[in-house]
Amino acid sequence: MTIRPLVILPDPKLRLVSEPVKEITDEIRTLAADMLETMYDAPGVGLAAIQIGVPLRMVTMDVSKSETERQPLVLLNPEIVWTSEEKRTYEEGCLSIPEYYEEVERPDRVKFRYMDLDGQTIEQEARDLMATCVQHEIDHLNGVLFIDHLSKLKRDRVMTKFKKAAKREASGA
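No experiment lies behind these values; they were computed from the predicted model shown.

Here's the deal with helix H1 (residues 26-41)
Now for step 1: Spanning 16 residues, H1 covers 22 Å between terminal C-alpha atoms, matching the ideal 22 Å at 1.5 Å per step.
Now for step 2: Residues of H1 that are buried: Ile 28, Leu 31, Ala 32, Asp 34, Met 35, Leu 36, Thr 38, Met 39 and Tyr 40.
Now for step 3: Its buried side turned inward, H1 meets strand S1 (46-48), strand S2 (58-61) and strand S3 (73-83).

The following block contains the structure:
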């Protein structure tokens, strides 16, 4: 397993729409293991493949909040098939937008479908943190960032901050 470098805002890769996983191969299994290792190292509760520069519809998640009893999930080609009308607000962050957190309102409950690494199609209902995480990560697969759910003013401020940081880093300052 390898910890892979994260793609950080304002990198345009984050806006790509990811391609479906067509076949479960050894490369896909290795990618899943690397994604989990990268996610745990960051540390985070979810990671989309595009966040390490791989434009595939693949997500890793673990909302267990316990290092001793991890509950890793690997979602291939995940899709949301139902959302509740009830909404809830949760403070979100993103490994690709380090050290920035903001309240985001999303459906409180979702039903989602995905394929696991054994090729089984699974449909699952989620609420609370898991529902938020699933929506956040599937957004990534569609080129959508959590800051896109904020007001234009807040989104513009974040983009400006990260563009300036990227420019400073590129110039070696």
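As for unusual backbone geometry
Now for step 1: Geometrically, the link from Leu 9 to Pro 10 is a cis peptide bond, its omega value of 10° lying close to zero.
Now for step 2: You can see Pro 10 is positioned in the segment before H1.
Now for step 3: A cis geometry characterises the amide bond from Ala 42 onward to Pro 43, with omega recorded as -15°.
Now for step 4: Mapped onto the secondary structure, Pro 43 falls in the loop between H1 and S1.
Now for step 5: Backbone geometry at Asp 128 places phi at a positive 55°, although glycine is not the residue there.
Now for step 6: Of note, Asp 128 is situated in helix H2 (residues 128-141).

So, the environment of Lys 154
Now for step 1: Structurally, Lys 154 can be placed in helix H3 (residues 152-170).
Now for step 2: By relative accessible area, Lys 154 is classed as partly exposed at 35%.
Now for step 3: Separated by 52 residues in sequence, Lys 154 and Glu 102 have C-alpha atoms that sit 9.3 Å apart.
Now for step 4: In this view, Lys 154 contacts Tyr 100 and Glu 102; residues no more than four positions away in its chain are not counted.

Topic: the packing of aromatic side chains
Now for step 1: Across all of its chains, the model carries 2 aromatic pairs by this definition.
Now for step 2: Taking the ring centre of Tyr 40 as reference, the NZ or CZ of Arg 70 above it sits at 3.6 Å.

A word on the environment of Ile 80
Now for step 1: As for its placement among the helices and strands, Ile 80 is situated in strand S3.
Now for step 2: Spatially, the C-alpha atom of Ile 80 lies 22 Å from that of Met 39, the residues being 41 residues apart in sequence.
Now for step 3: Beyond its immediate stretch of four places on either side in the chain, Ile 80 contacts Val 110, Lys 111, Phe 112, Val 134, Gln 135 and Ile 138.

Considerations on the environment of Arg 157
Now for step 1: Positionally, Arg 157 belongs in helix H3.
Now for step 2: The exposure class assigned to Arg 157 is exposed, which follows from its relative accessible area of 58%.
Now for step 3: Sequence spacing of Arg 157 and Asp 41 is 116 residues, and the spatial spacing of their C-alpha atoms is 28 Å.

Structural notes on the sheet that holds S2
Now for step 1: The antiparallel open sheet is built from 5 strands, whose spatial order is S1-S2-S3-S6-S7. Every interior strand has two partners, whereas the edge strands, S1 and strand S7 (121-127), have only one. Going from strand to strand, the sheet's axes swing by 40° on average, the running direction of each strand aside.
Now for step 2: Of the strands in this sheet, S1, S2 and S3 touch H1, which is tilted by about 40° from S2.

About the criteria used
Residues numbered from 1 in each chain as written. Predicted model: local features only at pLDDT ≥ 70, side-chain atom pairs only at ≥ 80, totals over all residues. Heavy atoms only, no water. Helix = DSSP H or I, 4+ residues; strand = E, 2+ residues; numbered from the N terminus. Expected span 1.5 Å × (residues − 1). Buried < 20%, exposed > 50% of the residue type's maximum accessible area, 1.4 Å probe, protein only. Contact = heavy atoms within 4.5 Å. Phe/Tyr/Trp six-rings, centres within 6.5 Å; stacked < 30°, edge-to-face > 60°. Lys NZ or Arg CZ within 6 Å of the ring centre and 35° of its normal. Pairing = 2+ DSSP bridges. Axes fitted to C-alpha atoms, helices over the stretch in contact; angles between N-to-C directions.

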